[in-house]
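Residues per chain, in single letters:
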Amino acid sequence: MKDRRPEQVLEQVRLTLENWRRQGIAGFDCRAEVVEMVKRWPQSTVADNATVVTEGTGRQSLEQIRADLGDCHRCRLHKGRRNLVFGEGSPNARLVFVGEGPGYEEDRSGRPFVGPAGRLLDKIIAAMKLDRSQVYICNIVKCRPPANRAPAPDEIEVCLPFLKRQLVSIAPEVICTLGSVAARTLLETKSPVSALRGHFHQWMGIKLMPTFHPAYLLRNPERKRQVWEDVKKIMAFLGIPL
Ligand code: URA
C-alpha cells in the first residue's frame, strides 16, 4: 500500500469535517470519557463524501467507493442511464485518465471509453507503451448525460466526491484530464483547455496534465500533434523512454 501524501490526508480530513458539518455536528466534546468512547467506535465509518480518518486505517479501496455509490439516484442522470460507469483499470495505476462522462457505448457496456473516442484513447495509451490494464480510466460524471450534452454543474457537484475518492485511493503519479470539462472541474478554473494543456498543474499534490479530448481529436485531427507533446511530457515524468 502506497503512503498517502500529506495533501491527500488533509483532503480526507477536510471532506470528513465537511460531512460532519452537513450532519449538524458543530464542534467536538473532548472530555476524557468521550475520547474513550470514540476509541471504541469501528475503525472506519464511510459516508458519502468522507471516510472518518482513524489511526491505522488504510486508504479506501475502489470496491468500498463503488459500494458507497450503490444504485445511485443522487442526480437526474440516473433516469436515462442503462449502466453506471464507475471506471476501470489498475487500482495501483501510475497514470489516471479522466474524461467527461459516458457516451452511448459506455452507457450500454458500463465501461469507460469503449466507443470511437475510446478507440483513439487506446491508441494514445499504446503510443505511451502502456495498455489499459496498467492505467485507470474514469470520468467526471458516472452516468450518461442525455444526447451526450455536457454534464450540468449540479450533476458534477454530486458525482465529484466519488471521483475524488477514487483518485485519492489510487494515488497515481499523474492525472491526465481529457477535454475541458475534466480539466476545468479538477483545476477549478474557467480557462479553456487550449490554455491549460502543455504543462503540468497540480491536483492535491499529484501532477495533472490537461490535454484535448479524443472525441475532439476525431473532429480536429490537426490537434493530435499537441496531444502527442502532452503525452511525451507524461512519459518523461513517468520515466517511460520514447
Ligand atoms: N467520452 C468521455 O468523456 N468519457 C467516456 O467514457 C467516453 C466518451
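Conventions and cut-offs
Residues numbered from 1 in each chain as written. Predicted model: local features only at pLDDT ≥ 70, side-chain atom pairs only at ≥ 80, totals over all residues. Heavy atoms only, no water. Core = buried A, V, L, I, M, F, W, Y, C linked by side-chain atoms within 4.5 Å. Buried < 20%, exposed > 50% of the residue type's maximum accessible area, 1.4 Å probe, protein only. Helix = DSSP H or I, 4+ residues; strand = E, 2+ residues; numbered from the N terminus. Contact = heavy atoms within 4.5 Å. Axes fitted to C-alpha atoms, helices over the stretch in contact; angles between N-to-C directions. Parallel < 35°, antiparallel > 145°, perpendicular 65-115°, else oblique. Nonpolar A, V, L, I, M, F, W, Y, C, P; charged D, E, K, R; others polar. Phe/Tyr/Trp six-rings, centres within 6.5 Å; stacked < 30°, edge-to-face > 60°.

K.L.:
Would you mind going over the nonpolar core with me for this structure?
P.N.:
The tendency in soluble globular proteins is for nonpolar side chains to be buried side by side. Counting 35 residues, the largest nonpolar core has V98, I140, L186 and W203 as the members making the most contacts within it. Of all the secondary structure elements, the ones that give two or more residues to this core are α3 (62-69), β2 (95-99), β3 (136-139), α6 (153-170), α7 (180-187) and β6 (206-211). Sort the elements by how many residues they give to this core and α6 lands first, with eight residues. With residues near it in sequence (within four places) discarded, W203 still touches K164, L167, V168, I175, L186 and L208. Listed in part, the 25 residues of the second largest apolar core include I125, V193, F212 and V231.

K.L.:
Where do I start with the packing of α6 against α7 in this structure?
P.N.:
Each pair of packed helices can be summarised by the angle the axes make with each other and by the distance between the axes. Direction vectors running N to C along α6 and α7 enclose 80°, while the axes themselves pass 12 Å from each other. Comparing their axes, α7 and α6 come out roughly perpendicular. For the pair α6 and α7, contact is made by I156, L160, L163 and L167 and by V181, T185 and L186, respectively. Classifying every residue of the contact of α6 with α7 gives six nonpolar, one polar and no charged.

K.L.:
Got a minute to help me understand the packing of aromatic side chains in this structure?
P.N.:
Note on aromatic pairs: each is described by the distance of the centres and the angle between the planes. A full pass over the atoms with the stated rule returns two aromatic pairs. On the basis of an interplanar angle of 55° and a centroid distance of 5.6 Å, the ring pair of F200 and F237 is categorised as tilted. You can see F200 sitting in the loop between α8 (193-196) and β5 (201-203) and its partner F237 sitting in helix α10 (residues 224-238), a full 37 residues away along the chain. Seen from their ring centres, F212 and Y216 are 5.1 Å apart, and the 35° between their planes marks the pair as tilted.

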